[in-house]
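# Architecture at a glance
Each chain, letter by letter, is given below.
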Amino acid sequence: MQTSLGGSLPHTRRLAIAAFSRRIEWFILVAIIVLGIVLRLSSPAMRSDFWYDEMYSYLIARQPFAEMMHSLLLGGDANPPLYTFVLHFWLKLGDSDTQAKLLSLVFGTAAIPAMHLLAKRIGGMRVGLMAALLLAASQAAINYSVEARAYAILLCLSLLSTYFLLSILHEPAGPARVRFKWFAGYVAITALVIYTHWFGLLLGAVQATAFVIYTRDARPVVRQYIFSLLAIGACCLPLIPFLWNQIARREAAGGFLWPGRPGLRSLYDLAAFLFGGQNLLILAGAVFVLAY
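Structure report, in brief. Note that the structure is predicted; figures quoted are calculated from it, not measured. Residue numbers restart at each chain and count upward from 1, following the sequence in its written direction. Predicted model: local features are reported for residues with pLDDT of at least 70 only, side-chain atom pairs are reported and counted for 80 or more only, and whole-chain, interface and lining totals are derived from all residues. Side-chain numbers come from the whole structure's heavy atoms, not from hydrogens or water.

## A closer look at the overall build of the protein
We count it as follows: Elements are defined by DSSP. Helices are runs of H or I of four residues or more, strands are runs of E of two residues or more, and each kind is numbered from the N terminus. Only protein chains enter the accessibility calculation, which uses a 1.4 Å probe. A residue is then buried if its area is under 20% of the maximum for its type, exposed if over 50%, and partly exposed in between. Here, two residues are considered to be in contact whenever any of their heavy atoms come within 4.5 Å of each other. Under the convention used here, a 1.4 Å probe and the Shrake-Rupley method define accessible areas, while residue burial counts only the protein chains that appear.
A count of helical and extended segments in the protein gives 17 helices and zero strands. Taking the principal axes of its C-alpha atoms as reference, the protein extends roughly 85 × 40 × 40 Å. Across the 292 residues that make up the protein, the buried fraction comes to 37%. The long-range share in the protein, meaning contacts at least 24 apart out of those at least 6 apart in sequence, stands at 70%. As displayed, the protein has an accessible area near 16800 Å², and 71% of this comes from carbon and sulfur atoms.

## Here we look at helix H7 (residues 125-137)
Stated formally: Every helix has an expected span of 1.5 Å times one less than the residues it contains. Arc, as used here, means the arc of the directions from the helix axis to the C-beta atoms.
Helix length check: H7 (13 residues) gives 19 Å between terminal C-alpha atoms against 18 Å at 1.5 Å per residue, within 8%. The complete set of buried residues in H7 reads Gly128, Leu129, Ala131, Ala132, Leu135 and Ala136. One face of H7 carries all of its buried residues, which in axial projection span an arc of 160°. Facing away from the buried side of H7 by more than 90 degrees, the exposed set consists of Arg126 and Leu134.

## Quick notes on the layout of surface pockets
Stated formally: In this analysis a 1.4 Å probe is tested at points of a 1 Å grid over the protein atoms alone, and where it fits but cannot get out there is a cavity; an open set with protein on both sides within 12 Å along at least five of seven lines is a pocket; lining residues have an atom within 4 Å of a point. Grid points are joined across faces, edges and corners, and a volume is the space filled by probe spheres set on the points. Each residue gets one of three labels, nonpolar for Ala, Val, Leu, Ile, Met, Phe, Trp, Tyr, Cys and Pro, charged for Asp, Glu, Lys and Arg, and polar for the others, Gly among them.
As a volume, the second largest pocket reaches approximately 240 Å³. If you go around the second largest pocket, you meet 15 residues; those closest to its centre are Ile194, Leu201, Ile232, Gly233 and Cys236. Among the elements of the structure, helix H10 (176-196), helix H11 (203-207), helix H14 (222-235) and helix H15 (240-252) are those that each provide at least two residues to the lining of the second largest pocket. A breakdown of the residues in the lining of the second largest pocket according to their chemical character gives 11 nonpolar, four polar and no charged.

## A short note on the pattern of salt bridges
To keep things clear, this is the line we draw: For salt bridges, the criterion is a side-chain nitrogen of Lys or Arg within 4 Å of an Asp or Glu carboxyl oxygen.
Scanning the model with the defined rule gives five salt bridges in all. One salt bridge in this structure joins Lys120 and Glu25, with 3.0 Å as the shortest N-O distance. You can see Lys120 sitting in helix H6 (residues 97-123) and its partner Glu25 sitting in helix H1 (residues 2-41), a full 95 residues away along the chain. A salt bridge links Arg149 to Asp77, with the nearest nitrogen and oxygen atoms 3.7 Å apart. Note that Arg149 is positioned in the loop between helix H8 (139-145) and helix H9 (151-170) and Asp77 in the loop between helix H4 (65-73) and helix H5 (82-90), a separation of 72 residues in sequence. For the pair shown, Arg149 and Asp77 are each scored as buried.

## A closer look at the packing of aromatic side chains
The condition is simple: Only Phe, Tyr and Trp rings are paired, with Trp represented by its six-membered ring, and only when their centres lie within 6.5 Å; those with planes under 30 degrees apart are stacked, over 60 edge-to-face, the remainder tilted.
Across all of its chains, the model carries 10 aromatic pairs by this definition. Between Tyr144 and Tyr151 the ring centres are 5.2 Å apart and the planes differ by 75°, which places this aromatic pair in the edge-to-face class. By relative accessible area, which is 44% here, Tyr144 ends up partly exposed. Ring centres 5.8 Å apart and planes at 80° place the aromatic pair Tyr163 and Trp182 in the edge-to-face group. A residue pair is termed long-range when its members are at least 10 positions apart, and Tyr163 in helix H9 and Trp182 in helix H10 qualify at 19 residues. Exposure remark for Trp182: the relative accessible area of 16% places this residue in the buried category. Three or more aromatic residues joined by ring pairs form one cluster here, namely Phe65, Phe85 and Phe89.

## Some thoughts on the environment of Leu160
Take Leu160: it is sitting in helix H9. Given the relative accessible area of 24%, Leu160 is considered partly exposed. Setting aside its immediate chain neighbours within four residues, Leu160 contacts Ala114 and Ile189.

## Structural notes on the environment of Pro241
Tracing the sequence through the fold places Pro241 in helix H15. Sequence separation of Pro241 and Gly75 is 166 residues, and the distance between their C-alpha atoms is 8.8 Å.

## Regarding a nonpolar patch on the surface
Where we set the bar: Note that patches include only residues with greater than 30% relative accessible area and no salt bridge, and the join distances are 9 Å for like charges and 5 Å for nonpolar side chains (Val, Leu, Ile, Met, Phe, Trp, Tyr).
Taken together, Phe273, Leu274, Phe275, Leu280, Leu283 and Val287 make up a surface patch of nonpolar side chains, about 620 Å² in accessible area. Of all elements in the fold, only helix H16 (264-275) and helix H17 (278-291) reach the threshold of two or more residues within the nonpolar patch. With respect to the element layout, Val287 can be found in helix H17.

## Considering empty space enclosed by the protein
In this approach the atoms are scanned with a rolling probe the size of a water molecule, which exposes any empty space left behind. Summed over the entire model, instances satisfying the criterion amount to one cavity of 30 Å³ or more. One number sums up the size of the largest cavity: a volume of about 30 Å³. Every residue lining the largest cavity is listed: Asp77, Asn79, Pro80, Tyr83, Thr84, Arg149, Ala150 and Thr196. Split into classes, the residues belonging to the lining of the largest cavity amount to three nonpolar, three polar and two charged.

Structure representation (C-alpha cells):
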C-alpha cells in the first residue's frame, strides 16, 4: 500500500504543478490582453479622424445592403467584401467614427490570444506569452487594430489559419476525426482570410514554408493539404467577379499605383517593402536557406 501511494505522489504532484502553471499562464495572458486593450483605446489613432480609405469603407458600409453589395461587386472597393459586409451590420449598433474603429479593435484584440496559441504551438508556453506581449505592445499592431479597414481582421484570421495548419503538421498521425476538424477549420478560416483582403492569396505561399521546416511531419499530410487548397479555391470562386471589376476599374482610373499591377515584380517589391528593403529581404532568404 505504501509503495503504491508513494509511487502515485510524484504523478499527483506533477498534475498539480501542471494545473497551477495553466492558471498562471491564463492569468498572465489575460493581463496581456487587458494591456493591449488599454494601449489601443488610449492610442492617438483611436481618437483621430478618418483618413481617406477609412472614410471610403465607412460610406460604402452605410449604404442600404443591396446598394452596398452592388457597389462592391462593381469594384467600389479595392478589397474583397467581407470587412465591409461585417462593418455594415456593426454600424447598426451606432454609426460614429469610434463605433467603426471598435470593430477593428475587437479583432485586433482577438489577435493577441490567437498569437499566443500559434507561438505556444511552435515554442511552448513562455514563447506564446512573449509573442502575445510583443503583439499587444507593437505600435504598428496598435495602429492597425483601430483603423477602420480590413487589416485587423486579416491579422487575426491569418494567425488562426496558421495555427490550424501547424496543428495538422504537429499531429499527422492523430485520429481521423480530429484531423478532419483541423483541415475543415483550416479551409474555412483561410477562405475567410481571402474574403477579407487580397493579400490573403499570399498566405498559402507563406504557410507552405512550414512544409520545408517540418519536413518529416509534413509528408503524411501533403495530399490532404493539396485537397485543402483546392477546397479553399472552390470557396473563393464567388470572388472572381469582384476581382475582375476591381482590376477593370483600376485600369480605367490610370492603373495600379501600389504595389503595382499583379505579377512577380509587384510581389517582389511588396516583399521588399514588408521586410524593410531589398537587402533585408535577401538576408532573410539567406537565413532561411541556412536554417533549412
